[in-house]
Amino acid sequence: MKQIVLILLFFLNLGYLSYGQFQEYFENGSLRIDFILSGNAKETHASIFELKKEPYFGGTLLKTIDQFEYGEFRIVVKDAESKEDIYTRGFCSLLEEWQTTEEAELVDKSFFQTLTVPYPRDNILVSIEKRTRNGAFYELFHAEIKPNDDGVSKSHLENIGTHKLIDNGSKDECIDIAFIGDGYTKDEIEKFHDDILRLSNYLFTQAPFDKFQKKFNIWAVDAISEESGVTDPRKEIWKDTALRSSFNTLNSDRYLASTNTFLIRDYAALVPYDQIYVIANTDKYGGGGIYNHFSLTSVDNHRSLTVFIHEFGHAFAGLGDEYYTSEVSYSDYFNQAIEPWQPNLTTLKEFEGKWKDMIDSSTPVPTPAKEKYFRKVGVFEGGGYVAKGVYRPAYDCRMKSNEARAFCPVCQRAIEKMILFLTD
Ligand SMILES: [Zn+2]
């Protein structure tokens with residue numbers, strides 16, 4: 001018996017559950033945990049808002065334990081009886097971005113956050129953890145959740161069209177991206193579908209997505225807005241749209257986001273999904289992407305295609321921003337005394353675990369910004385919103401600029417690892 005337990009632990013630690021083990025702990029569908037993250041520059045609090053049972057779980061059934069350790073937060077789900085970890089995932093929120101702004105020094109604010117886990121058969125212990133400034137996780141909140149409790153809501157939206165626009169297989173074997181439109185009226189649904197296909201087809205021309213096109217399903221959820229376009233506060237344009245997307249998030253004109261997470265998840269729940277992509281029917285430049293939360297982009301700007309995949313890099317693979325000159329108002333976003341968790345940024349504090357293996361012996365570390373190194377993998381100073389102390393892997397990359405030719409090799413490797421984790 002002891003040996004069986006040890007073997008089980010071994011598999012759990014590697015992040016694999018056999019299909020039989022998955023069936024032992026989970027049934028069909030997902031448990032959606034809506035919660036509130038609140039706080040200020042110094043404190044963070046979490047509390048449950050609502051629990052829901054939803055029809056689909058779009059994620060992998062075999063790798064329920066996160067192997068990446070990306071994200072400012074993570075959820076740890078334990079079987080209440082055995083206390084065994086049965087599901088873990090890292091994620092990010094708009095809260096921690098806001099916490100680095102000046103406003104967070106002055107007031108408290110709340111943000112909606114949602115996590116979905118495979119629907120548990122028996123009681124589970126859920127904890128939400130956040131990183132300290134030194135990178136270690138600490139528990140913000142924990143609760144026992146009883147999946148058979150009457151308090152779990154089964155409400156859902158009615159009469160919303162859904163379409164599988166690109167079908168490469170079952171939800172358990174493929175990565176399902178749920179696209180939801182914002183600022184599309186009922187007469188613009190055809191445009192919504194055309195926009196999804198235009199963006200997705202561009203994604204599949206870009207490495208490494210080009211190699212893995214057959215591992216993705218593309219879904220459309222027809223959210224219908226009363227008005228066309230989205231809210232643009234600096235121009236005093238206020239629109240009545242399905243998902244309430246807006247520019248000027250965190251006082252950055254081009255930061256397009258929606259704080260209506262629960263509403264977005266209500267639409268997404270109508271299809272299986274691994275990732276949610278909200279596309280906004282406007283030609284103004286902008287977007288945003290938050291790891292394991294959702295991505296947003298405008299669709300009709302001449303740079304929308306490159307913004308589209310840049311934001312997906314954040315939300316899907318935990319990639320960090322490699323740029324350092326911008327209007328982004330984050331102050332001191334990265335603690336330079338520690339290694340950041342983002343796979344494509346380093347402070348050179350623990351570089352061994354990053355992309356050292358991809359650097360030629362003839363390339364100096366740090367790498368000078370000289371033309372002879374422009375096509376090389378190196379360690380270039382400037383990234384993560386600062387010019388000094390944070391380093392990026394390439395002179396240019398899709399995570400640095402819209403002019404870059406592609407994702408750099410380090411970002412490509414990180415994306416590929418995530419695709420394989422979710423599908424192999
Ligand atoms: Zn890169």
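Residues numbered from 1 in each chain as written. Predicted model: local features only at pLDDT ≥ 70, side-chain atom pairs only at ≥ 80, totals over all residues. Heavy atoms only, no water.

Visitor: Explain the packing of aromatic side chains here, please?
Guide: In this description, an aromatic ring pair is defined by two values, namely the gap between the centres and the angle between the planes. All chains considered together, the criterion is met by 33 aromatic pairs. Between Trp98 and Phe111, the aromatic rings sit 5.8 Å apart at their centres with planes inclined by 50 degrees, giving tilted as the arrangement. Here Trp98, found in helix 3 (residues 94-98), pairs with Phe111, found in strand 5 (residues 109-120); they are 13 residues apart in sequence, far enough to count as distant. Residue Trp98 shares its accessibility class with Phe111, and that shared class is buried. Arranged with centres 5.8 Å apart and planes meeting at 70 degrees, the rings of Tyr323 and Tyr385 form a pair that is edge-to-face. (Phe/Tyr/Trp six-rings, centres within 6.5 Å; stacked < 30°, edge-to-face > 60°. Helix = DSSP H or I, 4+ residues; strand = E, 2+ residues; numbered from the N terminus. Buried < 20%, exposed > 50% of the residue type's maximum accessible area, 1.4 Å probe, protein only.)

Visitor: Just checking my understanding: could you explain the sheet that holds strand 2 (residues 44-54) for this structure?
Guide: Remark on secondary structure: sheet strands pair via backbone hydrogen bonds, oriented parallel or antiparallel. An order of 2-1-5 is seen for the 3 strands of this open sheet, with the pairing classed as antiparallel. Pairing within the sheet leaves two strands with one partner each, and these edge strands are strand 2 and strand 5. Within the sheet, the average angular offset between the axes of one strand and its neighbour, ignoring direction, is 20 degrees. Of the strand pairs in this sheet, strand 1 (residues 26-39) and strand 5 are connected by 12 bridges, and their pairing is antiparallel. (Pairing = 2+ DSSP bridges. Axes fitted to C-alpha atoms, helices over the stretch in contact; angles between N-to-C directions.)

Visitor: Explain the side chain of Thr44 to me, please; I cannot follow it from the model alone.
Guide: With respect to the helices and strands, Thr44 occurs in strand 2. Under the relative-accessibility criterion, Thr44 is labelled buried at 11%. Polar contacts involving the side chain of Thr44 include one to the side chain of Gln99, which spans 2.9 Å. With sequence-adjacent residues up to four places away left out, Thr44 is seen in contact with Ser38, Gly39, Phe73, Leu95, Gln99, Lys130, Tyr138 and Leu140. (Polar contact = N/O pair within 3.5 Å; in protein donor to acceptor, adjacent residues only side chain to side chain. Contact = heavy atoms within 4.5 Å.)

Visitor: How should the coordination of the zinc ion be read in this particular structure?
Guide: Reference values for angles at a metal are 109.5 degrees in the four-donor tetrahedral case and 90 or 180 degrees in the six-donor octahedral case. Protein ligation of the zinc ion involves Glu322 (OE), Cys397 (SG), Cys408 (SG) and Cys411 (SG), the donor distances falling in the range 2.0 to 2.3 Å. By relative accessible area, which is 3% here, Cys408 ends up buried. (Donors = N, O, S within 2.8 Å, 3.2 Å for Na, K, Ca; no water.)

Visitor: Sorry if this is basic, but what is going on with the sheet that holds strand 13 (residues 294-298) here?
Guide: Sheet architecture is open: 6 strands sit in the order 8-10-9-11-13-12, paired in mixed fashion. Taken across any chain shown, the strands that pair with only one partner, and hence form the sheet edges, are strand 8 (162-166) and strand 12 (287-290). The average angle at which neighbouring strand axes cross in this sheet is 25 degrees, direction not considered. Summarising the sheet, strand 12 and strand 13 pair through 4 bridges and their orientation is antiparallel. Looking at strand 13, one finds that Ile290 is bridged to Phe294.

Visitor: Explain unusual backbone geometry to me, please; I cannot follow it from the model alone.
Guide: Glycine aside, the phi torsion of most residues is negative, and most peptide linkages are trans. Look at the link from Ala207 to Pro208: it is a cis peptide, with omega at 0 degrees. Mapped onto the fold, Pro208 is located in the loop between helix 4 (189-203) and strand 10 (216-221). Along the chain, Val365 connects to Pro366 via a cis peptide bond; the corresponding omega equals -5 degrees. Within the element layout of this structure, Pro366 appears in the loop between helix 6 (304-317) and strand 14 (380-383). Backbone geometry at Glu69 places phi at a positive 55 degrees, although glycine is not the residue there. Assessed through its relative accessible area of 55%, Glu69 is described here as exposed.

Read these as geometric descriptors, not functional statements.
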